[in-house]
Amino acid sequence: NDAGLVFAASTVDGNLAATATAGNITDGDALTISGTSAFTTSTTDATITLDETSNAFTGDVTLSTTGNSAHATIHGGGTALGFDASTVGGNLTLTSGEAITDDGLLTIGGNLSATTDVNNKAITFGTLAVDGTIAVTTNGSTGHVTVVDASGLDLGASTVGGNLTATAVTGNISDSGNLTIAGTS
């Protein structure tokens, strides 16, 4: 599309690739995608906001934005939210009623915030490169969190119902907010 994209209620029984060459990508109603989803903004600082609480991304999601203000917000509804290799120039905010995972390197220029809003759902990020803070929220005793960042790891204010496993591959681990961990860390 040569402008921004605003999705109406949409069901795709396969894969979806959407590119806004001159604007933002938003949802006006729920998206139900049975295959993979790829969302790209081509303009510097254009955003991706897919925050309808009844979205359903069955396959992995790929995101691409450029610029420090090129934020992405994704709500996975009640489905698991998985990500293939993605680059977000700004902040990435994720919410799901199921597990949140990555299957490829997530490169985030700003902060990462991930929330599972149903008890006992895990967050597992095995390949991150986040320049800002990482904040996570889970509920329930098996709402475990694993984060592995390629460099240093700065944990923002986080609440973990289960265990927290945090790894900084080449740097230090620090916190810039209060951490409440119900399990082990």
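Because the structure is predicted, anything quoted here is derived from the model rather than measured.

1. Here we look at the packing of aromatic side chains
Applying the stated criterion across every chain yields a total of two aromatic pairs. Considering the side-chain rings of Phe7 and Phe39, the 6.3 Å spacing of their centres and the 85 degrees angle between planes classify their relative orientation as edge-to-face. Of this pair, Phe7 sits in strand E1 (residues 5-7) while Phe39 sits in strand E6 (residues 37-41), and the two are 32 residues apart along the sequence. On the basis of relative accessible area, Phe7 is assigned to the buried category, the value being 15%. With centroids separated by 6.1 Å and ring planes inclined at 80 degrees, the aromatic side chains of Phe39 and Phe57 adopt a geometry described as edge-to-face. Here the residue Phe39 occupies a position in strand E6, and Phe57 occupies one in strand E8 (residues 56-57), the gap between them amounting to 18 residues.

2. Considering unusual backbone geometry
Most peptide bonds are trans, and most residues other than glycine sit at a negative phi. With a phi close to 70 degrees, Asp45 is a non-glycine residue in the positive phi region. Overall, Asp45 belongs to the partly exposed group, its relative accessible area being 35%. For Asn120, which is not a glycine, the phi torsion comes out positive at approximately 65 degrees. Within the fold, Asn120 resides in the loop between strand E16 (112-116) and strand E17 (123-130).

3. Looking at the sheet that holds E8
The three strands are arranged E2-E5-E8 in an open sheet whose pairing can be described as parallel. In the strand order of this sheet, the two ends are held by strand E2 (10-12) and E8, each with one partner. Examined bridge by bridge, E2 and strand E5 (residues 31-33) share three bridges and lie parallel to one another. Within the sheet, the bridge partner assigned to Val12 lies in E5 and is Ile33.

4. Some details on the environment of Thr40
Inspection of the secondary structure assignment puts Thr40 in strand E6. Exposure remark for Thr40: the relative accessible area of 24% places this residue in the partly exposed category. Here the alpha-carbon distance between Thr40 and Val88, two residues 48 residues apart in the chain, equals 9.7 Å.

5. Overview of the pattern of salt bridges
Following the criterion strictly, the structure yields one salt bridge and no others. A salt bridge links Glu98 to Lys121; the nearest nitrogen and oxygen atoms lie 3.4 Å apart. Residue Glu98 is found in the loop between strand E13 (92-96) and strand E14 (100-102), and its partner Lys121 is found in the loop between E16 and E17; the two are separated by 23 residues along the sequence.

6. Some details on the side chain of Asp60
Take Asp60: it is sitting in the loop between E8 and strand E9 (61-64). Look at Asp60: it is buried, it has no salt bridge, and the nearest opposite charge is Lys121 at 16 Å. Apart from residues lying up to four places away in sequence, Asp60 is in contact with Thr36, Ser37, Gly82, Phe83, Asp84 and Asp103.

7. Describing the pairing of E16
Of the two faces of E16, the one lined by Leu112, Ala114 and Thr116 is fully buried and the one lined by Ser113 and Thr115 carries no buried residue. Bridge count for E13 against E16 is five bridges, and the pairing is parallel. Across the sheet, residue Thr95 finds its bridge partner in E16, namely Thr115. When E16 meets strand E18 (residues 134-137), the two strands line up parallel, connected through four bridges. Along E18, the bridge assignment pairs Ala114 with Val136.

Rules behind the numbers
- Residues numbered from 1 in each chain as written.
- Predicted model: local features only at pLDDT ≥ 70, side-chain atom pairs only at ≥ 80, totals over all residues.
- Heavy atoms only, no water.
- Phe/Tyr/Trp six-rings, centres within 6.5 Å; stacked < 30°, edge-to-face > 60°.
- Helix = DSSP H or I, 4+ residues; strand = E, 2+ residues; numbered from the N terminus.
- Buried < 20%, exposed > 50% of the residue type's maximum accessible area, 1.4 Å probe, protein only.
- Pairing = 2+ DSSP bridges.
- Salt bridge = Lys/Arg side-chain N within 4 Å of Asp/Glu carboxyl O.
- Lys, Arg positive; Asp, Glu negative; His and termini not counted.
- Contact = heavy atoms within 4.5 Å.

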